[in-house]
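Residue-level structural notes
In case you want the letters, here they are:
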Amino acid sequence: MAIPRARRLIMAASLPLMVAATMALQPSTANALSSDVVISTVYGGGGNSGAIFKNDYIELANTSGSPVDVSTWSVQYASAAGAVFQVTKLTGTIPAHGRYLVQEAAGAAGTLALPTPDAIGTVPMSATSGVVALVTTQIPLVGCGISCATAPNVKDLVGYGATANVETAAAPGLSNTTADARTGALTDTDNNAADFTAGVPKATNSAGTTVSADNPGGPVDPTPGTTRIHDIQGAGRISPIVGQNVTNVPGIVTAVRVTGNARGFWFQDPSADADPLTSEGVFVFTGSTSPAVVIGDSVLVSGRVTEFRPASGAQTLTELGGTINTTRLSSGNPLPAAIPVAFPDAFTKTGSLEAQPLEPSSYVLDWLEVHEGMRVTIAEDTRLISPVNTEFSELWVTLKPGQNQTPRGGSIYKSYDDPNSGRLMVVALNGAPAANVGSTLAAGTAGPVDYQSFGGYVVQATQLGTITEGGLKRQKVLPPKKQNDLSVATYNVENLAVTNPETKFARLAQAVVTNLGSPDILALEEIQDNNGATDDGVVAADQTVTKFIVAIQTAGGPTYAWRSIDPNNDTDGGEPGGNIRQVFLFNPARVTFVDRPGGDANTAVSVVRERPTSNQVSLSVSPGRINPTSDAWTTSRKPLVGEFLYDGDKQLFIVANHFNSKGGDAPLTAAVQPPVRSSEVQRIKQATEVRDFVKDLSDKSGGRAQVIVLGDLNDYQFSPALQTITGNGTVLKTLIDTLPADQRYSYIFDGNSQVLDHILVSPAIRGYAYGVVHINAEFSDQASDHDPQIIRVLTGCNVDPLPTRCLPGSPVVDQ
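These lines cover the structure that appears in this document, whether it is placed above or below. (Residues numbered from 1 in each chain as written. Predicted model: local features only at pLDDT ≥ 70, side-chain atom pairs only at ≥ 80, totals over all residues. Heavy atoms only, no water.)

This paragraph deals with the overall build of the protein. Each helix and strand counted, the protein has 7 helices and 49 strands in total. For the protein, the spread of C-alpha atoms along the three principal axes comes to 100 × 65 × 45 Å. At a minimum sequence separation of 6, the contacts of the protein that also span at least 24 residues come to 71%. Of the charged side chains in the protein, 54 are positive and 75 negative, and the gap between their average positions amounts to 8 Å. (Helix = DSSP H or I, 4+ residues; strand = E, 2+ residues; numbered from the N terminus. Contact = heavy atoms within 4.5 Å. Lys, Arg positive; Asp, Glu negative; His and termini not counted. Charge placed at Lys NZ, Arg CZ, Asp CG, Glu CD.)

With that settled, the discussion passes to the packing of aromatic side chains. Following the criterion strictly, the structure yields 20 aromatic pairs and no others. Between Tyr451 and Tyr457, the ring centres sit 4.8 Å apart and the planes meet at 70°, which makes this aromatic pair edge-to-face. Taken individually, Tyr451 and Tyr457 each receive the classification buried, so the pair is uniform in this respect. Chaining the aromatic ring pairs together yields one cluster made of Tyr413, Tyr416, Tyr716 and Phe718. Sitting over the face of the ring of Tyr416, Arg677 holds its NZ or CZ atom 3.8 Å from the ring centroid. (Phe/Tyr/Trp six-rings, centres within 6.5 Å; stacked < 30°, edge-to-face > 60°. Buried < 20%, exposed > 50% of the residue type's maximum accessible area, 1.4 Å probe, protein only. Lys NZ or Arg CZ within 6 Å of the ring centre and 35° of its normal.)

Another point: the sheet that holds strand E30 (residues 456–461). Read from one edge to the other, the open sheet built from 9 strands follows the order E22-E24-E29-E30-E27-E26-E25-E28-E31, with strand pairing classed as mixed. Bordering the open sheet on either side are strand E22 (339–340) and strand E31 (467–468), each of which pairs with just one other strand. Note that strand E24 (residues 375–378) and strand E29 (residues 445–452) share 4 bridges and pair antiparallel. Across the sheet, Thr377 pairs through a bridge with Ala446, a residue of E29. (Pairing = 2+ DSSP bridges.)

The buried fraction of strand E20 (residues 298–308) is high, at 8 of 11 residues. Both strand E17 (residues 245–260) and E20 contribute to a ladder of 6 bridges, which runs antiparallel. Residue Val246 lies in a different strand from E20, and its bridge partner there is Gly303. Judged from the 10 bridges that link them, E20 and strand E21 (residues 317–330) form a sheet pairing that is antiparallel. What sits directly across from Val301, in E21, is Thr326.

Right, let's talk about helix H5 (residues 542–554) for a bit. Taking 1.5 Å as the rise per residue, H5 with 13 residues should run 18 Å; its terminal C-alpha atoms sit 18 Å apart, in good agreement. Within H5, the full set of buried residues consists of Thr544, Val545, Lys547, Phe548, Ile549, Ala551 and Ile552. Each element contacted by the buried residues of H5 is listed here: strand E32 (486–496), helix H4 (502–515), strand E33 (521–527), strand E34 (561–563) and strand E35 (581–586). A positive backbone phi angle near 100° is found at Gly556, which sits one or two residues after H5. (Expected span 1.5 Å × (residues − 1).)

Pairing in this open sheet of 6 strands is mixed, and the strands run E34-E35-E33-E32-E49-E48 from one edge to the other. What marks the edges here is a single partner per strand, and that holds for E34 and strand E48 (768–772). Sheet twist, expressed as the average angle between the axes of neighbouring strands with direction ignored, equals 20°. The pairing of E32 with E33 spans 6 bridges and is classified as parallel. In the sheet register, Tyr491 faces E33, and the bridge partner there is Leu524. Across the face of the sheet, H5 comes into contact with E32, E33, E34 and E35 while running at roughly 35° to E35. (Axes fitted to C-alpha atoms, helices over the stretch in contact; angles between N-to-C directions.)

In structure tokens:
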């Protein structure tokens, strides 16, 4: 896998349908797992010694996209061991994705009043243990004992502290200074212990006004303050008032995020200032707490101005954080008009972007920065240059359709100087259908501009244009033209473990047989050990490999044999506990693996000359690893070397690689341009080790050694690492460079079709056909995130002049 995708997981609320949902008075049970209204907070220490709040309270939350009428409902309280429930009647409705505050009895202490409650009762709740029920009638619960959670008309129930009247297990016991609040995305699992955590009391009413015990001075005054969003954003990348608290900043909510650990909402001032460099929108970060606002709310927000840097080397996102207090003034307001995205030609300037003035008419990154937090729209039809990632509802489009287009619809990444300035990432907040590269996204996508760790600038789309599939087909290799030609492929199978679903094995196996034509030799990357990511010292992978071989047989392929070397535990990087390694599969009916004993995780393979004056060479061990104790391989996969015979007695050496990933590199949207490629240093060391080994093979064989170096080198054909491993073309030839420039890719990242996987050959291999088989990277439904590659070593090509069939350029893959 090329780049770890660490991110703040983000999903968001859909545009609510403002239709009242009246609940019928019919029996229901807590075990039905409420799909709308739940108890979100209980607090019984109000007015007690040491308490901040004067009153006990119960807070409800509506998790649905429609208002819910609760005018015939009640909340009911009983002591931990009591059978008598005290009733507080409810009135009105709970807004979509909103809260509802029930104030209960007051004590003699406390200094802070709750926000204006939506219902008022006089029940004195226990500060430590008790039972609260949400009931769809206003009749007291009777006769349910300790099983009230399943009583008729009970919508939700929370037992806290030392009580047996609970959903599965009790929520944490409380004190005068703690409240139980529902965790996660307000999920109701019918287990109070799992669903609630104790923390600082914080109350929100249906107007969206929040008061927290750790911010007793929090504003509830519905009067706009003097600071506006454009004052927060300023005319540069860093807010001129970063670190300052702001009070009652006005705006209209334009998008909401209600799951993940980066919840919050975007709001925008509809009254823009005259400065084109100051954004009128900003994100409000509420952490793991879902905001009690919906799209179209007019709000006042108070909080601290912060600059969030999502990853090392990345730019920052200006946002409001700290203790957030939000007051809803009105709902259903029209949204500020979305600005059409219009990118200039150049992607970015060089140097520290944060130290330079913004030039939105000249640079794409500057255009995006001045619209950070604001609603924008993609006003024309665009082409998908990545598949839709349905797990995260992410896709990339190009706003410059003629820019470096691949024949299959992507955008080719040709050099560090040309990152394809037309790329734009979209996250569909209401979900996106599966679709492949080359599909069309119709005009109309709209949402605020965000900045995140994965992808940089992104449109968080509250509305997504219609996607029309482009009809992309998976490729297959062509049949060999000569029986004795040798086929060798490389395939990163993305953390394949014996614990993976059968469907993954079946799909990968079918690709080996159908799309790769059952190659004679197959070098696999990312084969995990026998228990996958479980980190318990297991390093053997025989069960994983055997399961894959059986799957290939089932798919109609040959019975492959295999060779590999188990790594030392937890030393080769990749998914923790997985112990990924390279593996050779080979068809014993077509090739012979030359076994030479002694290879293990720590023994270095070397080149052996059969006689001092001979050009005949062999390996000291086969399979073996190249200099495995070198610091070049720290926390990274060591190359696997094998010696093969084909077409009778023809000798072939294969080096299977998986170089260290690009994790830790600054993103293309980095704060300092050009981005720092810190991971490259180790890959250059690794490339040096492999090049020196191949050169030794060549030198000792008098240039006669046929060598194939292949695998996931995690770097581009124009990178320093590839120049190093090939000796600038003197030791090895980069076969991806033999393809047309617009076809040089095996992976898609950030919307760029790029090369990470390679097949390199020594000069002794004179006749070959080569291709990348596009079956994964461009497709939403992937068996792996990499495309495999294949070389067909053509027999009868060691003569001069070369026969026509031996000349480079013979197609090996259908188009």
